[in-house]
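# Notes for the structure review
Spelled out, the chains give:
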Amino acid sequence: MIRSGDESWVRIEDASAIGAARRAATNLAEACGFDEHDRGRVAVAVSEAASNLVKHAVEGMILIRAHPEAATAVEVIALDKGPGMRDVRSAVRDGYSTAGTLGVGLGGIARMASAHEVYSLPGRGTVVTMCFTAADAPAPVSQVSGLTRPIGEEIVSGDAFAYVEGGGTAIALLCDGLGHGPAAAAASREAVRVFEQQHHLPVLELLERVHRALTGTRGGAVAVARLDRERGVVRYAGLGNVSGWIVHAEGRQGMISVPGIAGHQRSRLREYEYTVPPHSVLVMHSDGLTDRWDPVSFPGLAARSPVVVAATLLRDAGTRRDDAAVLAVGTAP
């Protein structure tokens, strides 16, 4: 079971933030059982990433967390709205640096991380993801990634997600608790609790159970998806303003949610089945992300890992005027 947690995004605005990011990463690595050598790798790579943000980026942010698919691995996501890079391959070479680009230190990151990925668009910014494992253990093969971010300076997000994988089938839930703050978060936690206990149910029945369970809460918008990777189909049911998309290189297909507020009022719930094309990704997000983003404006994004997809959309489509959550699920068998 993968679920959203208390994710803490750190703004990297000046050199003082570099040490804070490094300490947070090494503390997490120690908690995950990393020895001194492996903690050193994490420290160097995170320092490099944070330094790049200070020197070259605009609106730089870093997230450090236990990897959602391997609790003993450390995942680091660095993103910015800076100048981006035209030649990522050259930038990863040690010693490469071009004024105005995010280049210094990417070679070090490539050496130190167990797995890493860089997605950059000139004039729009860069996303760098890193995974660290202890004792040369292989990095997990990422099938899903979700990210949340609270509104403004709130500590807790009212949005949440949960995901279960088994037997070639992926089941996912995303809930946007009404409003924001602790009451919204309580509604989303209740939706996740029901999902954890009853995710084996058909999507329509599962959505109905969540709707009933949220009666005593503020309520929210909820969507449930069941992806059959072998058959190449997804069954989807949504209530309220949660967006669901099947994203591929040529564009995206929207999945339908009916109007209402889970726990309070609803139209007749409906379930829909969609064909999933090869080399696509399933994306679900709250209205903390605008739905006006266009996959065509992100060349090659649909072929990237789910964490890069989620981070890029959160950066470019996210709004600071609301809590935000995005979940990306790879569709390949």
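Overview of the structure. Predicted model, so just to flag it, every value in this text is computed and none were measured.

Two numbers describe a pair of packed helices, the interaxial angle and the distance between the axes. As a packed pair, helix 5 (residues 182–198) and helix 6 (residues 203–213) sit with axes 9 Å apart at the nearest point and diverge in direction by 140 degrees. Put simply, helix 5 runs oblique to helix 6. In this structure, helix 5 crosses over helix 6, and the sense of that crossing is right-handed. Residues E190, A191, V194, F195 and Q198 of helix 5 form the contact with helix 6, whose participating residues are L206, R209, V210 and A213. Looking at side-chain class alone, the contact of helix 5 with helix 6 contains six nonpolar, one polar and two charged residues.

Here strand 4 (residues 70–79) lies mainly inside the structure; seven of its 10 residues are buried. Sheet topology note: the strand 3 (residues 61–67)/strand 4 ladder contains seven bridges and is antiparallel. Note that in strand 4 the partner of I64 across the bridge is V76. The turn joining strand 3 and strand 4, which pair antiparallel and follow one another in sequence, is formed by two residues. Bridge count between strand 4 and strand 6 (residues 125–132): six bridges; the pairing is antiparallel. Residue E75 lies in a different strand from strand 6, and its bridge partner there is C131.

In spatial order, the strands read 2-3-4-6-5; together these five strands make up an open sheet with antiparallel pairing. With one partner strand each, in any of the chains shown, strand 2 (9–11) and strand 5 (115–121) form the two edges of the open sheet. In this sheet, adjacent strand axes meet at a mean angle of 15 degrees when their direction is disregarded. Most of the contacts of helix 1 (residues 16–31) go to strand 3, to which it runs at about 5 degrees, and overall it touches strand 2, strand 3 and strand 4. Contacts from helix 7 (residues 306–317) reach strand 2, strand 4, strand 5 and strand 6, with the element oriented near 140 degrees to strand 6.

Reading guide: rules and limits
- Each chain has its residues counted from 1, running along the sequence as written.
- Reporting of local features is limited, given that this is a predicted model, to residues whose pLDDT is at least 70; pairs of side-chain atoms are given and counted only at 80 or more, and all residues count toward the totals for whole chains, interfaces and linings.
- Only heavy atoms go into the side-chain values, all of them from the structure, while hydrogens and water stay out.
- Note on method: axes are straight lines fitted to C-alpha atoms, helices fitted across the in-contact stretch only, with angles between N-to-C directions ranging 0 to 180 degrees.
- Helix numbers and strand numbers start at the N terminus; a helix is a DSSP run of H or I with at least 4 residues, a strand a run of E with at least 2.
- Each angle receives one of four descriptions, namely roughly parallel if under 35 degrees, roughly antiparallel if over 145, roughly perpendicular if within 65 to 115, and oblique otherwise.
- It is the rotation of the near helix from the far one that decides the hand of a crossing: anticlockwise by less than a right angle makes it left-handed, clockwise makes it right-handed.
- By the convention used here, residues are in contact when the closest approach between their heavy atoms is within 4.5 Å.
- Each residue receives one of three labels: charged for Asp, Glu, Lys and Arg, nonpolar for Ala, Val, Leu, Ile, Met, Phe, Trp, Tyr, Cys and Pro, and polar for the others, Gly being one of them.
- Only protein chains enter the area calculation, which uses a 1.4 Å probe; residues under 20% of their type maximum are buried, those over 50% are exposed, and those in between are partly exposed.
- In this analysis, strands are considered paired if DSSP registers two or more bridges between them.

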